Amino acid sequence: MSEEIKQKKVESLTDVTVMFAGDSGDGMQLTGTQFSNTTALVGNDLNTLPDYPAEIRAPAGTIYGVSGFQLHFGSGNVHTPGDSPDVLVAMNPAALKKNLPNLKPNAMIIINSDAFDSKGLKLAKYEKDPLKDGSLAGFKVFEVQITTLTQNALSDTGLSVKDIQRSKNFFALGLMYWLFDRPIEPTIEWVETKFKKQPILVDANIKALKAGYYYGDTTEMFATKFKVESSKLTPGRYKNISGNEATAAGLVAASLLSDLPLFLGSYPITPASEILHTLSKYKNYGVITFQAEDEISGISSAIGASFGGHLAITTTSGPGLALKTEAAGLAVITELPLVIVDVQRGGPSTGLPTKTEQADLLQAMYARNGEAPIPIVAASTPSDCFYMAIEASRIALQHMTPVILLTDGYIANGTEPWRIPEVSELKKIEVKYADNPETFQPYNRDENLVRPWAPAGTPGFEHRIGGLEKSNITGDVSYDPDNHHEMVKIRAEKVNRIKNFIPDLEVLGDKDADTIVIGWGGTYGAIYDAVDRVREKGHKVAQAHFRYIHPFPKNTGEVLKKYKKVILPEINDGQLAKLLKAEFLIDIIQHNLIRGLPFRSSDLEKVIIENLGGNND
Amino acid sequence: MTDQTKIETTELKLTAKDFSSGLDVRWCPGCGDYSILAQTQRVFANLGYQKHEPLIVSGIGCSSRFPYYMSTYGFHGIHGRAAAIATGLKLVKPDHPVWVATGDGDLMSIGGNHFIHACRKNVDLKIMLFNNRIYGLTKGQYSPTSETGKITKTSPYGVVDYPFNPTALALGANATFVARTIDRDPKQLQYIIEEAAKHKGTAFIEILQNCVIFNDGAFDDLSKKDVKDDNILILEHGKPMIFGKDADKGIMLNGFTPIVVNLNVNPQLENMLLVHDEFEESGILADILTHMSEKSGLPTPFGIFRRVKRPTYVEGVTKQINEVTEKKGKGTLQKLLNEGNIWEVK
């Protein structure tokens, strides 16, 4: 047998997209996460996209109960979770049916054939067994009795049949580790820590993992294994991080950088809850997390905390932002620092809670009564959430204003290896406080129109503020018409002047091209890859990505007016396009695809080439 | 005195007047709010507060102008959200007394959710409900405490729904200090405000307050000299429940139902009268008392229904932070960046 093992072919690949799919109870998110972590450890760049249903445990075996985890890794830089999988691991018929249309031609499909019984086929609404009717002819299909093999391997563990079956995802994981030449040790370590209190599960899961690995090694079914060389990443220390984790870490970093304790008032909502979960663990950083009774209390409590001198945060998704609008206006008129994080999801209303979208931009921009400008920043990748959370906090604290940080479900749940910055790379956030009780007036302003902050409870600075219009300088309640006009203008100009404190819009690619592709938020990776491929085909294209949206960077007009064509893909019906057209009076070629899914870079590539007048063939 | 009311000996002893912001008070002449403002200022002075210590939050409505008239830190919020704003403020300023001035529309209607959770969590807020049973600032619509049948602008043929009983709601939400008082009895008002200030935990005070414009005389039966003694029962801890102009009526339990007994006719029943116990843990006595009103032919109780000790939310939060910090060590930027599985690329 050992002779045969040596004869297995090893094929080198530059990049691979794998989709782990199964029932929502099959542990696919765990499997995908483990595979990603190990893949990161062996030095590949990667990008992931979990795709899970809104229901926690939809009826087993059905299509709407399918949970998927897509992972793209390679030897070069990886910016997206991959357009179409090269490999599908399908734990049941529903997982196959759901993912088949999206597979690459000739993709490899590893199937748990045990699940393809008449019941499983019926639940997936298959009239004929796809393993037998020839419908998978265009693919490389590997039928593996994952359930049976797991059962055999775990027969002596003393676990019930039902419990044994729950380990089958580890069998699949082991097999995938073998197939892509990854070590199983990191997962073994993880299992040992995770199930420390249940040794029987440690034993079972490790056995299943090893069984899967050795199965690949010994079975004749797999003649080839694959090698994906390490990426040439910038030297440094790395960790795998999701956007939500990065947002949470960024907010804590902002708290440490500004020397202000952090307060989070938040109500659980998909896909933002993980920020609340993560911050709830950071108690030793002095973080106070308040799980409020509703979204309004989430922001209101944060405003109270800001009045009391903390770095105050509220986190939510679109429907929650809608509920927070009145209180957001209160933060505008009281000119208190506050960071509102909106992890966007498909709308309107409850919409597509677990899917991604960029359609809250105009809500962030305008959804308040009266003239109530709020600065907006947006993160473009999972790890960028860290930096933009710091930026949002910095702007809020230094300009005494609420700030909205937009991320989205895709980058919030997606992960990528992040080069951890050195402490010295992160700039302190200087916060100015009112310092002279004799001359203190709550709405006096500095040269940037910023009012002084005198946190409640500080002796000598007692003052009253609130939602009624303020007299400039004194902050007394004022119904004076001219004062109101002046205050409206001051609040707008204060936000406008923030452009003097943010970086310019950076142009990537061919700066001297005729066409520029712009974007904002989580579409960065897909646009980057698309532009890259178009350039590889010999076209000249530039790219710019907005991380600061309100106000726009100072050079925005100048940059955009340099190009004959401006292409703007957005996962909404043209919201940034509207803002840019209104402010800069330019033509924009829009590409709007609103399917609850991230862009595919191959689609964007086509859009760009079409607009360049090129041929897609 | 509790920790909250402790003062440094070196600090100035302020007077009630020192707690006035000096702004012209713009409530209607004769409004019950003036009395609440005056008593609060007096209590703050009595307790030796410095101006920067008490933090006052309000929502929207006539009552919610309250912070503007105090010389302390004040925050005039948005409709219904005072308790939520105050909760955030209290969490970050645990050593400062945080007061909420609110009305029956603000607290019982649009802010109902925040109110019950502030009670449930025992956030340690001092909530003063100015209950005039009407919307005043929006000029006379019925409120969640307006009585059934009341004619108002939005109920020209009479209110068809049923009012909240604020003290019952607070007790139901597990508030640790629940009291009722009235604007026309400054002495009792002052006493209750002071006891609320000393209480550690969420303290809820329902203050029946006369709106001279839209609901004038709503509480005449409970405040007019000639009739009030027969209509109200003053709750005093450890004392039997006796009321009436001639102190000749008492409250007894018949099964679960309180009844009035005439002590002139049945003097022997005096030993069997209910004796008030503010500190009764279960809250059953307070529940019985809160449902007493003229509707069931009983006097309306004033005073402290319930006062029990329970660790506050703020204490719990602070304790957990301290414990975790002790166990894991204080977080630093370096530590934060090092969290999780890290590998090195050379």
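Residues numbered from 1 in each chain as written. Chains lettered and ligands numbered in written order. Predicted model: local features only at pLDDT ≥ 70, side-chain atom pairs only at ≥ 80, totals over all residues. Heavy atoms only, no water.

### Here's the deal with the overall build of chain A
This is how the line gets drawn: Put simply, DSSP H or I for four residues or longer makes a helix, DSSP E for two residues or longer makes a strand, and each gets a number counted from the N terminus. We compute the radius of gyration from the C-alpha atoms alone; for a globule the expected value is 2.2 Å times N to the 0.38, where N is the number of residues. Relative accessible area decides the class of each residue, using a 1.4 Å probe on protein chains only: under 20% of the type maximum gives buried, over 50% gives exposed, and in between gives partly exposed. Any pair of residues with heavy atoms lying within 4.5 Å of one another is described as a contacting pair. Positive residues here are Lys and Arg, negative ones are Asp and Glu, while His and the chain termini are left out of the count. To locate a charge, the coordinates of NZ of Lys, CZ of Arg, CG of Asp or CD of Glu are taken.
Along its length, chain A carries 22 helices and 23 strands. The globule rule puts the C-alpha radius of gyration for 617 residues at 25 Å, and the 27 Å found for chain A is close to it. Seen through its C-alpha atoms, chain A measures out along the principal axes to roughly 90 × 60 × 45 Å. For chain A, buried positions account for 62% of its 617 residues. For chain A, long-range pairs separated by at least 24 residues make up 76% of all intrachain contacts whose partners lie at least 6 apart in sequence. Across chain A, the 63 positively charged side chains and the 74 negatively charged ones have centroids separated by 2 Å.

### Let's talk about helix α12 (residues 295-307) of chain A
Residue and element names in this part refer to chain A. Convention followed: An expected span of 1.5 Å times one less than the residue number is assigned to each helix. Pairing of N or O atoms within 3.5 Å defines a polar contact, subject to two protein rules: one partner must be a possible hydrogen donor and the other a possible acceptor, and residues neighboring in sequence count only if both atoms are side-chain atoms.
Counted at 1.5 Å a residue, the expected span for α12 with its 13 residues is 18 Å, and the 19 Å between its end C-alpha atoms agrees. When you tally the buried positions in α12, you get 13 out of 13 residues, the bulk of the element. Capping of α12 at its N-terminal end is provided by Asp294; its side-chain oxygen lies 3.1 Å from the backbone amide nitrogen of Ile296.

### Points about the nonpolar core
Residues and elements named next belong to chain A. The line we're drawing: Take the buried residues of types Ala, Val, Leu, Ile, Met, Phe, Trp, Tyr and Cys, join any two whose side-chain atoms come within 4.5 Å, and each joined set is a nonpolar core. For each domain, the first and last residues come from an automatic or database assignment.
Formed by 163 residues in total, the largest nonpolar core has its most connected members in Leu279, Ile549 and Leu580. At 9 residues, the largest contribution of residues to this core is made by helix α16 (residues 384-399). Here this core spans two domains, and each of domain 2 (239-425) and domain 3 (507-611) adds at least three residues to it. Filtering out sequence-adjacent residues up to four positions away, Leu279 remains in contact with Ala248, Leu251, Val252, Leu262, Leu264, Val287 and Thr289. Judged by nonpolar contacts, the second largest core, of 50 residues, contains Met28, Val89, Leu154 and Trp178.

### As for the confidence of the model for chain B
Reading fine detail from the predicted coordinates is not recommended where pLDDT is low. In plain terms, the rule: The quantity known as pLDDT measures the predictor's confidence residue by residue, on a range of 0 to 100.
On average, residues of chain B score 94 in pLDDT, and 97% of them are at 70 or above. Scored below 50 in pLDDT, residues 1-9 of chain B shows 19 contacts in the model against residues more than four places distant or in partner chains.

### A few points about the pattern of salt bridges
Opposite charge on two side chains makes pairing possible when the charged atoms of those side chains draw close. Selection criterion: Each reported salt bridge corresponds to a side-chain nitrogen of Lys or Arg within 4 Å of a carboxyl oxygen of Asp or Glu.
Within this structure, the stated rule accounts for 37 salt bridges over all chains. Lys132 of chain A is the partner of Asp129 of chain A in a salt bridge, and the nearest nitrogen-oxygen pair spans 3.5 Å. Salt bridges sharing partners connect three or more residues here, namely Glu194, Glu195, Lys198, Glu278 and Arg307 of chain B.

### What about the side chain of Asp360 of chain A?
Relative to the elements of secondary structure, Asp360 of chain A occurs in the loop between β13 (338-344) and α15 (361-366). Contact partners of Asp360 of chain A, with chain neighbours within four places excluded, come to Gly318, Asp342, Gln344 and Gln575 of chain A.

### Some remarks on the environment of Pro553 of chain A
Residues and elements named next belong to chain A. By secondary structure assignment, the location of Pro553 is in the loop between β21 (548-550) and α20 (556-561). Classification of Pro553 by relative accessible area gives buried; the value is 5%. Along the sequence, Pro553 and Asp504 sit 49 residues apart, while their C-alpha atoms lie 5.2 Å from each other. In contact with Pro553, other than residues within four places in its own chain, are Ile502, Pro503, Asp504, Leu505, Phe546 and Tyr548.

### Considerations on the sheet that holds strand β9 (residues 249-254) of chain B
All names here are of chain B. Stated formally: Strand pairing follows a simple DSSP-based rule, namely that at least 2 bridges must link the two strands.
If you trace the 3 strands from one edge of the open sheet to the other, you get β8-β9-β10, paired in antiparallel fashion. Both edges of this open sheet fall to β8 (242-243) and β10 (257-262), since each of them pairs with a single strand only. Relative to β9, β8 is paired through 2 bridges, and the arrangement is antiparallel. From the neighbouring strand, Ile242 faces β9, where its bridge partner is Gly250.

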